[in-house]
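# Commentary on secondary and tertiary structure
The chain contents come next:
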Amino acid sequence: KIDISMPGIDIKNGSPSFVEKVVDDASDFFISLGYDIFEGPEIELDKYNFEMLNLPKDHPARDAQDTYYLDKEELLLRSQTSPVQVRVMLNGKGETPIRMICPGKTYRREDINATHEQEFTQIEGLVIDKNISLSDLKGTFDAFVKHTFGETTEARFRPSYYPFTEPSVEMD
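Throughout what follows, the structure given in this document is the object of discussion. (Residues numbered from 1 in each chain as written. Predicted model: local features only at pLDDT ≥ 70, side-chain atom pairs only at ≥ 80, totals over all residues. Heavy atoms only, no water.)

## Remarks on unusual backbone geometry
What counts is decided by this rule: For helices the rule is a DSSP run of H or I covering at least 4 residues; for strands it is a run of E covering at least 2, with both sets numbered from the N terminus onward. Each residue gets one of three labels from its accessible area relative to the maximum for its type: buried under 20%, exposed over 50%, partly exposed in between, using a 1.4 Å probe on protein chains only.
Of note in the backbone geometry, K93 takes a positive phi value of approximately 55 degrees without being a glycine. Within the secondary structure, K93 sits in the loop between α3 (82-92) and β5 (98-107). The exposure class assigned to K93 is exposed, which follows from its relative accessible area of 63%. Positive phi, close to 60 degrees, is recorded for N131, a residue that is not glycine.

## Focus: the packing of aromatic side chains
What counts here: When the centres of two rings from Phe, Tyr and Trp lie within 6.5 Å, Trp using its six-membered ring, the rings pair. Their planes under 30 degrees apart give stacked, over 60 give edge-to-face, and anything left gives tilted. For a ring to carry a charge above it, either NZ of a lysine or CZ of an arginine must fall within 6 Å of the ring centroid while also lying within 35 degrees of the normal to the ring plane.
Scanning the model with the defined rule gives four aromatic pairs in all. Relative to Y35, the ring of F30 has its centre 5.0 Å away and its plane inclined at 70 degrees; by these criteria the two rings are edge-to-face. Residue F30 shares its accessibility class with Y35, and that shared class is buried. Each member of the aromatic cluster is reached from another via a ring pair, and the members are F29, F30, Y35 and F144. Geometry around Y48 places R87 over its ring, the cationic atom sitting 3.9 Å from the centre.

## Notes on the packing of helix α1 (residues 18-32) against helix α4 (residues 134-149)
Our working definition: All axes here are fitted lines through C-alpha atoms, helices being fitted over the stretch that makes contact, and every angle between N-to-C directions spans 0 to 180 degrees. Here the angle decides the label: under 35 degrees means roughly parallel, over 145 means roughly antiparallel, 65 to 115 means roughly perpendicular, and every other value means oblique. In this scheme the crossing of two helices becomes right-handed for a clockwise turn of the near helix relative to the far one and left-handed for an anticlockwise turn of less than a right angle. Should any heavy atoms of two residues lie within 4.5 Å, those residues are considered in contact.
Axis separation between α1 and α4 bottoms out at 11 Å; the angle between their running directions is 130 degrees. The angle between α1 and α4 places the two elements in the oblique class. The hand of the α1/α4 crossing is right-handed. Where α1 approaches α4, its residues D25, A26, F29 and F30 are matched on the opposing element by T140, A143, F144, H147 and T148.

## Focus: the side chain of N49
Here N49 shows up in helix α2 (residues 46-49). With residues up to four places along the chain from it excluded, the contact list for N49 reads E44, L55, L76, R78, S79, Q80 and P83.

The structure is reproduced here in structure tokens:
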């Protein structure tokens, strides 16, 4: 028999997804290093998503086959979280150092397969200050890798080419 006078069982509704847990953990880590967390709109202006990042009008990333345009190529679903960096830099007016990450959803027209999805989460970082070097970036990444995957995990850095950063590296 069921005794309806007994207290009910507290059933929790939902739980954070794996992605939410990773973003929260990464945010906590970077906050512990003195970084600020910034978010921005997912519906973005071309001005912030491409133009102010020096991506010319003929750049392949601006192609309608790669980007979700919502209004005559001016309004779009952001293809990266970099527009958040642009907004933070504009607000700072070059007067204060910046140490930030900007986690968030991004959207790209992709053929969905095992390694590509049309909506994904990106975490981008930006540090602007005096006496900052590539070794600071490497040290930060190495600390993050050890925090995330364990103290014995080693990060490998490889030279790479990206037209918008110099020097450029990839990390495994």
